[in-house]
Amino acid sequence: MFDKSAKMEVKTSLLDNMIGVGDMVLLEPLSEDSFLENLRKRFDHNEIYTYIGSVVISMNPYRSLPIYTPEKVEEYRNRNFYELSPHIYALADEAYRSLRDQDKDQCILITGESGAGKTEASKLVMSYVAAVCGKGQEVNKVKEQLLQSNPVLEAFGNAKTVRNDNSSRFGKYMDIEFDFKGDPLGGVISNYLLEKSRVVKQPRGERNFHVFYQLLSGASDDMLKKLKLNRDFSKYNYLSLDSAVVNGLDDAASFRTVKNAMQIVGFMEDEVQSVLELVAAVLKLGNIEFKPESRCNGADESRVKDKNDLKEMCELLGIEQTVLERAFSYRTVEAKSEKVSTTLNVAQAYYARDALAKNLYSRLFSWLVTRINESIKAQTKTRHKVMGVLDIYGFEIFEDNSFEQFIINYCNEKLQQIFIELTLREEQEEYVREGIEWTNIEYFNNAIICDLIENNQNGIMAMLDEECLRPGTVTDETFLDKLNTICAEHQHFESRLSKNSKFLNDHSLPHSCFRIQHYAGKVLYCVEGFVDKNNDLLYRDLSQAMFKANHSLMKQLFPDGNPAKVNLKRPPTAGFQFKASVGTLMKNLQTKNPNYIRCIKPNDKKAAHIFTESLVCHQVRYLGLMENVRVRRAGYAFRQVYGPCLERYKMLCKRTWPHWRGPAREGVEVLMADLQVPTEEFSYGRSKIFIRNPRTLFFLEERRRQCLQDLATLIQKIYRGWKCRTHFLLLKKSQIVVAAWYRRYTQQKKYQKIKSATTVVQSYTRGWQARKLLRELKHQKRCEEAATTIAAYWHGAQVRREYRKFFRANAGKKIYNFTIQRIMQKYFLGLRKTLPSMSPIDKSWPARPYRFLDAAHTELRTIFHLWRCKKYRSQFTEEKKAVYEEKLEASELFKDKKSLYPSSVSQPFKGDYLEISKNPKYHKLNSCVEEKVLLADVVNKINRANGKGASRILLLTKKNVLLADQKTGQVKASVALPDLASVSVSTQNDGFFALKLREGSASAVKGDFLLSSEHLIETITKLHHIGSTASDDGVRLNIDITDEFLVQFKQDKVCVKFIQGAPKNGNGASCKRKNNRLLEVSVPATA
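What counts, and where the lines are drawn
Residues numbered from 1 in each chain as written. Predicted model: local features only at pLDDT ≥ 70, side-chain atom pairs only at ≥ 80, totals over all residues. Heavy atoms only, no water. UniProt positions renumbered as here; feature names shortened; annotations may be inferred. Helix = DSSP H or I, 4+ residues; strand = E, 2+ residues; numbered from the N terminus. Rg over C-alpha atoms; globule rule 2.2 N^0.38 Å. Buried < 20%, exposed > 50% of the residue type's maximum accessible area, 1.4 Å probe, protein only. Contact = heavy atoms within 4.5 Å. Areas by Shrake-Rupley, 256 points an atom, 1.4 Å probe, with all protein chains shown as cover. Domains from an automatic or database assignment. pLDDT = per-residue confidence, 0-100. Core = buried A, V, L, I, M, F, W, Y, C linked by side-chain atoms within 4.5 Å. Salt bridge = Lys/Arg side-chain N within 4 Å of Asp/Glu carboxyl O. Patch = residues over 30% accessible without salt bridge, like charges linked within 9 Å, V, L, I, M, F, W, Y side chains within 5 Å. Pairing = 2+ DSSP bridges. Lys, Arg positive; Asp, Glu negative; His and termini not counted. Polar contact = N/O pair within 3.5 Å; in protein donor to acceptor, adjacent residues only side chain to side chain. Axes fitted to C-alpha atoms, helices over the stretch in contact; angles between N-to-C directions. Phe/Tyr/Trp six-rings, centres within 6.5 Å; stacked < 30°, edge-to-face > 60°.

Going by an unreviewed UniProt entry, the chain carries the name Unconventional myosin-Ib and comes from Hippocampus comes. The record in UniProt for the chain states the following under Subcellular location (unreviewed entry): "Cytoplasm, Cell cortex".

Student: So what exactly am I meant to see when it comes to the overall build of the chain here?
Tutor: Counting its secondary structure elements, the chain contains 32 helices and 31 strands. For 1087 residues, the compact-globule estimate of 2.2 N^0.38 gives 31 Å, and the chain exceeds it by more than 25% at 61 Å. With the C-alpha coordinates of the chain rotated into their principal frame, the extents come out at 170 × 130 × 55 Å. Out of the 1087 residues in the chain, the part that is buried amounts to 47%. By sequence separation, contacts in the chain at least 24 residues apart represent 64% of the contacts at least 6 residues apart. By element, 52% of the accessible surface of the chain is carried by carbon and sulfur atoms, the whole surface being about 58,100 Å².

Student: Would you explain helix α16 (residues 460-469) in this entry?
Tutor: Residues separated by three or four positions in an α-helix point in the same direction, a consequence of the helix having 3.6 residues per turn. Most of α16 sits out of view: 8 of its 10 residues are buried. Within the span of α16, buried status applies to Ile460, Met461, Ala462, Met463, Leu464, Asp465, Glu467 and Cys468.

Student: Got a minute to help me understand the domain arrangement of the chain in this structure?
Tutor: It is common to give the size of an interface as the accessible area lost on bringing the parts into contact. In terms of domains, the chain is made up of domain 1 (407-533), domain 2 (638-697), domain 3 (823-874) and domain 4 (879-1038). For domain 2 versus domain 4, the separation of C-alpha centres amounts to 135 Å.

Student: Before we go on, may I ask you to explain the confidence of the model for the chain in this structure?
Tutor: Fine structural detail should not be taken from predicted coordinates in areas where pLDDT scores are low. On average, residues of the chain score 83 in pLDDT, and 92% of them reach the 70 mark or higher. Below pLDDT 50 for its whole length, residues 1-11 participates in 16 contacts with residues either more than four positions away or in separate chains.

Student: What's the story with the nonpolar core in this structure? I'm lost.
Tutor: A general trend in soluble globular proteins is that nonpolar side chains are found buried together. Phe35, Phe156 and Leu324 are the most contacted members of the largest nonpolar core, which has 212 residues in total. In terms of residues, this core owes the most to one element, helix α13 (residues 346-376), which gives 15 residues. Each of domain 1 (407-533) and domain 2 (638-697) contributes no fewer than three residues to this core. With near-sequence residues (within four places) excluded, phenylalanine 156 lies in contact with Phe209, Val211, Val275, Val279, Tyr361, Leu364, Phe365 and Leu368. Core analysis: the second largest hydrophobic core is formed by 30 residues, Leu893, Tyr901, Val985 and Phe993 among them.

Student: Sorry, what's going on with the pattern of salt bridges here?
Tutor: Pairs may arise between side chains of opposite charge once their charged atoms sit close together. By the definition in use, this model includes 40 salt bridges. The partner of lysine 123 in a salt bridge is glutamate 120, with the nearest N and O atoms 3.4 Å apart. Of the two residues, lysine 123 and glutamate 120 are both situated in helix α5 (residues 118-132); the distance of 3 residues between them amounts to about one turn of the helix. For glutamate 312, the salt bridge is made with lysine 284, and the minimal N-O distance between the two is 2.5 Å. In this pair, glutamate 312 is assigned in helix α11 (residues 307-317) and lysine 284 in helix α10 (residues 269-286), connecting sequence segments 28 residues apart.

Student: Where do I start with a nonpolar patch on the surface in this structure?
Tutor: A grouping of Tyr872, Val883 and Tyr884 is seen on the molecular surface, where their side chains present a nonpolar patch of about 240 Å² in accessible area. In this fold, tyrosine 872 is placed in helix α28 (residues 854-874).

Student: Just checking my understanding: could you explain the sheet that holds strand β15 (residues 521-526) for this structure?
Tutor: Whenever strands of a sheet pair, they do so through backbone hydrogen bonds, lying parallel or antiparallel. Pairing is antiparallel in the open sheet, where 3 strands are placed in the order β13-β14-β15. Of all the strands in the sheet, just β13 (493-494) and β15 have a single pairing partner and so form its edges. Judged from the 2 bridges that link them, β13 and strand β14 (residues 513-518) form a sheet pairing that is antiparallel. Paired with glutamate 494 across the two strands is arginine 515, which belongs to β14.

Student: In this structure, what is going on with unusual backbone geometry? I would like to understand it.
Tutor: Residues apart from glycine generally show negative phi values, whereas peptide bonds are mostly found in trans. Geometrically, the link from glutamate 28 to proline 29 is a cis peptide bond, its omega value of -5° lying close to zero. With an omega of 0°, the peptide bond between tryptophan 657 and proline 658 qualifies as cis. Positionally, proline 658 belongs in the loop between α24 (642-649) and α25 (664-675). The phi torsion at lysine 228 lies on the positive side, around 60°, for a residue other than glycine. Relative to the assigned elements, lysine 228 resides in the loop between α8 (221-226) and α9 (251-265). Residues other than glycine seldom take positive phi values, yet aspartate 896 does so here, at roughly 60°. With respect to the element layout, aspartate 896 can be found in the loop between α29 (878-894) and α30 (901-905). Aspartate 896 gets classed as exposed once you look at its relative accessible area, which sits at 76%.

Student: Sorry, what's going on with the UniProt feature "binding site: ATP" (unreviewed entry) in the chain here?
Tutor: Following the UniProt record, the feature "binding site: ATP" (unreviewed entry) maps to Gly112, Glu113, Ser114, Gly115, Ala116, Gly117, Lys118 and Thr119 here. You can see glycine 112 is positioned in the loop between β3 (106-111) and α5. Among the secondary structure elements, glycine 117 is positioned in the loop between β3 and α5. Setting aside its immediate chain neighbours within four residues, glycine 117 contacts Asn60 and Cys599.

Student: Quick question: what am I supposed to make of the side chain of aspartate 391 here?
Tutor: Among the secondary structure elements, aspartate 391 is positioned in strand β12 (residues 385-391). The side chain of aspartate 391 is buried and forms no salt bridge, while lysine 118, the nearest opposite charge, is found at 5.0 Å. In terms of polar contacts, aspartate 391 uses its side chain to reach the side chain of threonine 119, at 3.4 Å. Contacts of aspartate 391, omitting those with residues within four sequence positions, involve Ile110, Lys118, Thr119, Ser122, Ser168, Phe170, Gly171 and Lys172.

Student: Whenever I open this one, the sheet that holds strand β28 (residues 1044-1049) confuses me. Can you help?
Tutor: Taken in spatial order, the 4 strands of this open sheet run β28-β29-β31-β30, and their pairing is mixed. Looking at strand neighbours, the two that pair on one side only are β28 and β30 (1070-1075), the edges of this open sheet. Going from strand to strand, the sheet's axes swing by 30° on average, the running direction of each strand aside. As paired elements, β30 and strand β31 (residues 1078-1083) share 5 bridges and run antiparallel to each other. Along β31, the bridge assignment pairs arginine 1073 with leucine 1079.

Student: I would appreciate a short explanation of the pairing of strand β6 (residues 171-178) in the present structure.
Tutor: For a regular strand, side chains alternate in direction, first toward one face of the sheet and then toward the other. For β6, the buried fraction is high: 8 of the 8 residues fall into the buried class. Of the two faces of β6, both are covered, the one formed by Gly171, Tyr173, Asp175 and Glu177 as well as the one formed by Lys172, Met174, Ile176 and Phe178. As paired elements, β6 and strand β7 (residues 184-192) share 8 bridges and run antiparallel to each other. Opposite lysine 172, over in β7, you have asparagine 191 as the bridge partner. Counting the residues in the hairpin turn of β6 and β7 gives 5 residues, including glycine 182, whose phi is positive at 90°. As judged from the 7 bridges shared by β6 and β12, these two strands associate in the antiparallel manner.

Student: Explain the packing of aromatic side chains here, please?
Tutor: Two aromatic rings, taken as a pair, are described by how far apart their centres are and by the angle between their planes. Tallied over the full model, the rule gives 27 aromatic pairs. Note on phenylalanine 514 and phenylalanine 530: the rings are 6.0 Å apart at their centroids and 75° apart in plane angle, and the pair reads as edge-to-face. Taken together, the residues span a long stretch of sequence, with phenylalanine 514 in strand β14 and phenylalanine 530 in helix α18 (residues 530-535) at a distance of 16 residues. For phenylalanine 514, a relative accessible area of 0% puts it in the buried group.

Shown next as structure tokens:
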């Protein structure tokens, strides 16, 4: 019975809404042009993934697409491979579920040329597996370590090339280990053939490895100082300058990412520092230059030019400078018990320097891989399920192909060989599993090419190793001669110098090159550098010098430099090592179920929306994609489980539509018989139906599309009928509702109208009744009031008649007195409410209401003013009272007499303007005065000779007036107050005053004093007040206010005359001597 769960499982299919053909196996007709056109059509619609059976073709879009979201991960999770449109997640999910549920070890092989997106594809596979596997603190830690190993390896193993800004320059194979639940436990990484020649030289337009630029851009100034580095790229010979900065790459941010990733993976701080020191040492090593020096025997010898970089490198690695310098100048050759030391010329020294740089960096990279493996390896020793991810360089055909391209293409030949073998094996196993007869498939077997390269006796790699090991003169030309001798007759080997005469006139084949016809096409290899690169020699002197270093990593990186373990055998060649690594990899892959991702780059410009057909065609050829399609189509092109097949096509047969009640296989048999599909076009397996030709599948799809259109038309017809009936019933129901509401509305309006009319009639009736009642009540009230008035008048007449005789004699006087009392009472109460403010200067007073109150009104005003003045005075303190007394005295003296007085009224009398008791400047002067100082101010003493003033300090006490020098504080004159006869001032707006002394007094010897003060009013007032008090006879001090007065200067009397005029200096008054008897003071006119 076909259960319901199977029906619900398949909701969509690869064939639904298909742009082009989602699976190239179904492409009809199959040709290279139709293959490329299908890729172009899908690429133009952002469909970058296409299937070839279970193989995924991935086109690099060179931009971000919204197809890697968490929602997409959930969409492809636990879904059949062909259930949704092609995606890398579908392959990752299929591999993960096979590993978890069927206990099959998996491997995912990602191939393609540089820039095709292999590294990103491997990241997507790992991120998907990390997203769908289990959760937990320990599991999450393992997943994070596995994912964070990528940034570290990319920094040290990736570089910018002309084809790719983040090109992997090494092959990487990672085994991810899982437990029985499918949770990751750890992993193991293997690396293959790091392109270490890039360390010392990069092609034009390319960069060195990322880590060099990241270190110089992102490290702090302190770190660069410790590493003895400069941030300027141009300072280092090993760094290419024409492509040092790459658009879209932030080296500083990447450096922080790499350091964080190393911490997550498990690197200690000292290990990170040691790694960076080695990177810095490689940069310093590239700056070491040599100069020739001739010895006495005529031999050429090399010497280091500038030893500063050598010194800094030795400090970084902890090597004695002399040891390394000698290793660059001499080479020691050991043969049994003999040692021969030879000098190195400049070219050999540069070769030794570059060899050391390459070896140091490549060994550091291998140590990094080993260190990462120690951190991410599984901790348990139980059997693990394994998923391998291989991200390795694709087939390379450049203008100049050398040793690196040769071994890379050899690796791809081996991968193609295992790909064909595993694909055929997978097909054969499925046929056997389903009970379908297997037919042999003809295909190109590239084993002959692999044998040409790897044969242990006559293979190219074996002959290269033989040339490197044989004594005598060995050059690239001798190696090519050997190839021409042994491989001349091989059908996939071509050379102009071989015995095969058909290549003698082939001018596309230079004499120093040979050509191999790989499965992906012919590749021309230049033999220059083959022998040196295969030897990969590092002089023993250099390895021993490195071993002597005190650096923590150097003994691990250069164990061959240990003098105690000297091995006189030549180390294995680079080709031999790589061949062994590839052999190990092939054995590993053959034990796992393969899954393939073929990466293609659409253009060389690294730009989106550009599809270069020639470039894509070249990649399709060397990836063998057409061969892959032919292998998959050699038997049956399409196969599908019975349940989903019946669910998809059941509407094509009346017996299976809409529900089939029997087994799914019987339903498919009934369906195919009803459709009259020829029996040779399909076969029935145990769980699947196999369709031989894509035309048959497209026939089924076309019939299904037509049937779906008919079903859609039927559904539309039924739906439209239902919709019209529903609409009619709704209209009918609405009409009934509307009619009911309308009738209700009309009845409500009619009722409201009747109710309104009734209310109006009622209101008119009630109003008439109320007005009638009101008239009656008013008439009754007027009658009562009239009766009351008449009674009052009658009673009054009676009372007056009775009491007239008692009041007739004194009635007028009493009424008058009562009226006067009432008027006075009203007057006083009104006055109480309208009294003016308590300010003594407030002159307002309420107006009198009656004329006869004139005298009382004036007297009350005087009494009130005296009373509020008394209240105001009672608030004064003794100090304030003294101030006001002085102000009053000043008013009496100067008001309307001197023009300066009005401006002084608002100024308070301060007295001690110099604060003589507090100011330390006048401490000496203050100690000379025994009494309290009442006034201290600066005045000008007028000289009678020229009328100019000299600053003096005026001190006033209760008994004396003192004049002192302002600068020294020395007392110049002291006048007792009783000796003071009078004070003369002018009427003008000036500060001049004259102190006139009594004749015959002790103070009158030098004559009178003519002074000028800014506080004239206060000074004269205090003199007048204190002078009157200090007088023995009680006579007040006389104040003369006149514009002309005499001043006694010793024996002469001088007239001081005040006139109005323009001042000469500023705005103040000025004094000028006119003659021996006249001083003239010019005072500015007041406005």
